[in-house]
Amino acid sequence: MDLIVAGNRDDLAKARGTGTVALVPTMGALHDGHRSLIRAARARADQVVVSIFVNPLQFAPNEDFSRYPRTFDADLEVCRAEGAGVVFAPSAVDMYRPDRQVSVCSGEMGTIVEGASRPGHFDGVLTVVLKLFNLVHPDLAIFGQKDAQQLAVIRRMVADLDLPIEIVGAPTVREPDGLALSSRNRYLSAGERTVALALSRALRAGAAELTPSAIRATARAVLDAAGPDLDLDYLALVDPATFKEVGDSYAGSAVLAVAARVGTTRLIDNVVLSLRP
Ligand code: PAF
């Protein structure tokens, strides 16, 4: 079946097939991580819709909205090769009315950890994701674990607003040397890429420890050892559902998350751990 490219909401409405629909929301610049999301979607639904939209609402004025990589033709090839049925690629005008007033508030969860560094980011993410849900009407939607807090706030929106959509988290895809795949990796020079490897190295080292204090200290030491070319934003060990920091008495699943700037590129990464009492 050939790929249908819907450039606006009317074309999208016509493209909807019968059976179950899985949505893979993206901002384009698709890489192997996105391929794995599309494959996971295909395994679960009759029709896969990939949205490609660089959402202005989730970028602060000082962030990389204007230079965010836009590789539409290559993205279509990825979607075609992975067997997606529909690409929904609306314009900003089609997505947002010029007089729009209402948006989604991500609550306290949207103001901590990544949200503390990027005020308003998760409100922008939730607003566009809710709109995509309303336009595509998916049975399920797939998001990468790489954006762990995004996944958590989306799960929370679905629960709090009673949205009839299953949210599926898909594992982070990494380069053989550990670097998590990201559309922003293409900004890195060869030297910066070497420095950036400290993020995944720190997460691996932290994950080998047993207590939250030791996990934080060991990961922190690896990041400090990377030197001044790595500008650490945060290292956090949090409950995956609330993104609140966990203490030494905590038992259960936890996310060790890191954000750092290497050169002009801001990178995030995380690993999921299981903490014993
Ligand atoms: O993860 C992303 O690419 C974006 O945040 C998303 C979910 C497509 C919303 O714009």
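What you are looking at is a predicted structure, and each value in this text was computed from that prediction instead of being measured. (Residues numbered from 1 in each chain as written. Predicted model: local features only at pLDDT ≥ 70, side-chain atom pairs only at ≥ 80, totals over all residues. Heavy atoms only, no water.)

J.: Which residues make up the site of the ligand, and what are the values?
T.: Lining the immediate surroundings of the ligand are P25, T26, M27, N55, Q58, V128, F143, D147 and Q150. Q58 is positioned such that a nitrogen or oxygen atom in its side chain is 2.6 Å from an oxygen atom of the ligand. Here an oxygen atom of the ligand sits 2.7 Å away from a polar atom, N or O, in the side chain of Q150. Relative to its free-state accessible area of 290 Å², the ligand is covered by the protein chains to the extent of 89%. Its residues assigned to classes, the shell around the ligand comprises four nonpolar, four polar and one charged. (Near = heavy atom within 4 Å. Polar contact = N/O pair within 3.5 Å; in protein donor to acceptor, adjacent residues only side chain to side chain. Areas by Shrake-Rupley, 256 points an atom, 1.4 Å probe, with all protein chains shown as cover. Nonpolar A, V, L, I, M, F, W, Y, C, P; charged D, E, K, R; others polar.)

J.: Break down helix 9 (residues 212–225) for me, citing the residues and quoting the values.
T.: For helix 9, built from 14 residues, the straight-helix expectation of 20 Å at 1.5 Å per residue is met to within 8% by its first-to-last C-alpha distance of 20 Å. Turning to helix 9, the residues buried within the fold contact helix 8 (190–207), strand 7 (230–238), strand 8 (252–262) and strand 9 (265–275). Within two residues after helix 9, G227 carries a phi angle of roughly 90°, on the positive side. (Helix = DSSP H or I, 4+ residues; strand = E, 2+ residues; numbered from the N terminus. Expected span 1.5 Å × (residues − 1). Contact = heavy atoms within 4.5 Å.)

J.: Lay out the UniProt feature "binding site: beta-alanine" (unreviewed entry) in the chain in plain terms, naming residues and giving numbers.
T.: In the numbering used here, UniProt assigns the feature "binding site: beta-alanine" (unreviewed entry) to Q58. The exposure class assigned to Q58 is buried, which follows from its relative accessible area of 9%. Once residues within four sequence positions are removed from consideration, Q58 is found in contact with M27, E63, R118, H121, G124, V125 and V128. (UniProt positions renumbered as here; feature names shortened; annotations may be inferred. Buried < 20%, exposed > 50% of the residue type's maximum accessible area, 1.4 Å probe, protein only.)

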